[in-house]
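Report on the structure
In case you want the letters, here they are:
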Amino acid sequence: MTAPVIHRVTSLDLPVQPWSWPFAAARRADIDAHFAAQQREKPKLWNGRVLLGRNPVFAGDRFTASYFETDFASFLAWRDWGFPDKDVFNGFGMGALLSSDGAFALGEMGQHTSNAGRIYFPSGTPDLDDISGSAVDIAGSVARELEEETGLTAAEYRSEAHWHCVSTGPAVAMIRILRVDLPGEVLRARIEANLALQLSPELAAIHLVRGTGDLNAAMPRFVTAFIEAQLSS
C-alpha cells in the first residue's frame, strides 16, 4: 500500500480485455478454501463475476487502464492476503452525495457484507453489468450502485464533470460529487426510509459528514477511511 495520490480527471478510458489472471490459477485451491470459510461466516456472500484493472495511467485529464473478468472469490482472497499481485488493482466508482447544506452522506456496510462496518461513499467493485460496449462504464456503475444502495435515481442529483481519483496502488477509487437539492438530514431520512423497505439492504446506516462543499478540502478524512477499509479484511 503506497501513500494515496489524488488525480483530478474528466475522462475515463477503461477497456475490458480477455486475460487469465495467473494469481487466480496458481492459488485456485487456496482461494476456494478461503471463500468457503468466509461463506460459512457470512452465508449471503456470492461468488459472482467482477472486473479488476491493470496498467493504470494518469495523463493530463485522462485515466486509462485495462480491465479483466475474474471471480469474486479470487478478488476476496487477493484483498484479504495483502494484495500479493502488485500488477492488479481494484478500480471502482464512488458517488459522493453532497446535500444542499454541505453534508456528505456516507453509508455503513451491513454485517452480512464482505466490508461489514466500513463507512464510505456508495460504491462497488465493477461487474459484468457495468460493461458498456467494450469498456467499463464507471458513471453507469456509480448510478447503479447508488440506486441499489440508497434508492436515489440519476434524476435526483447533478453529477459534477470531474472525477477525483484516489490511487493507493492496489486500489483506485474514482469519486464523483453528486449534488442533491435536499438538506443533509432530509437526505439521510430519505435514504433510511428506502433501506427500511429492503429485505437485505447493503447499508446498515447513513452518516453525515460536514465539509466545505469542496471534496478537495474534505478529502483527507475520506482518504484515511478508505485506506483503513482497504487494509482490513
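Up top is the structure.
This report concerns the structure included in the present document. Along each chain, numbering runs from 1 in the same order as the chain's sequence is written. Totals for whole chains, interfaces and linings use all residues, but because this is a predicted model, local features are given only for residues with pLDDT of at least 70 and pairs of side-chain atoms are given and counted only at 80 or more. Side-chain numbers come from the whole structure's heavy atoms, not from hydrogens or water.

**Quick word on the overall build of the protein**
Note on conventions: DSSP H or I runs of at least 4 residues are helices, E runs of at least 2 residues are strands, and numbering of each starts at the N terminus. Of regular secondary structure, the protein possesses six helices and 14 strands. Categorising residues by exposure relies on relative accessible area from a 1.4 Å probe, with only protein chains included: less than 20% of the type maximum marks a residue as buried, more than 50% marks it as exposed, and the intermediate range marks it as partly exposed. Burial status across the protein gives 48% buried among its 233 residues. When contacts within the protein are restricted to residue pairs at least 6 apart in sequence, those whose partners lie at least 24 apart make up 72%. The contact rule is simple, with two residues in contact once any of their heavy atoms fall within 4.5 Å.

**Some thoughts on the pattern of salt bridges**
One speaks of a salt bridge when a side-chain nitrogen belonging to Lys or Arg is within 4 Å of a carboxyl oxygen belonging to Asp or Glu. This model, assessed by the stated rule, comprises 14 salt bridges. Across the salt bridge formed by Arg28 and Asp71, the nearest N and O atoms sit 2.9 Å from each other. Of this pair, Arg28 sits in helix H2 (residues 28-41) while Asp71 is found in strand E4 (residues 62-71), placing the two residues 43 residues apart along the sequence. With a closest N to O distance of 2.9 Å, Asp181 and Arg158 form a salt bridge. Linking Asp181 in the loop between strand E13 (171-179) and helix H5 (184-197) with Arg158 in strand E11 (residues 158-159), this pair joins segments that are 23 residues apart in sequence.

**Thoughts on the packing of aromatic side chains**
For any pair of aromatic rings, the description rests on two quantities: the centre-to-centre distance and the angle between the ring planes. Here a pair means two rings of Phe, Tyr or Trp (six-membered ring of Trp) with centres within 6.5 Å. Their orientation is stacked below 30 degrees between planes, edge-to-face above 60, and tilted elsewhere. Applying the stated criterion to the full structure yields 13 aromatic pairs. Where Trp21 meets Phe23, the ring centres are 5.0 Å apart and the plane angle is 45°; that geometry is what we call tilted. Using a relative accessible area of 3% as the deciding quantity, one classes Trp21 as buried. Between Phe72 and Phe75, the aromatic rings sit 5.7 Å apart at their centres with planes inclined by 45°, giving tilted as the arrangement. Taken together, the positions of Phe72 and Phe75, both in helix H3 (residues 72-80) and three residues apart, correspond to about one turn of that helix. Phe75 shares its class with Phe72; the two are buried.

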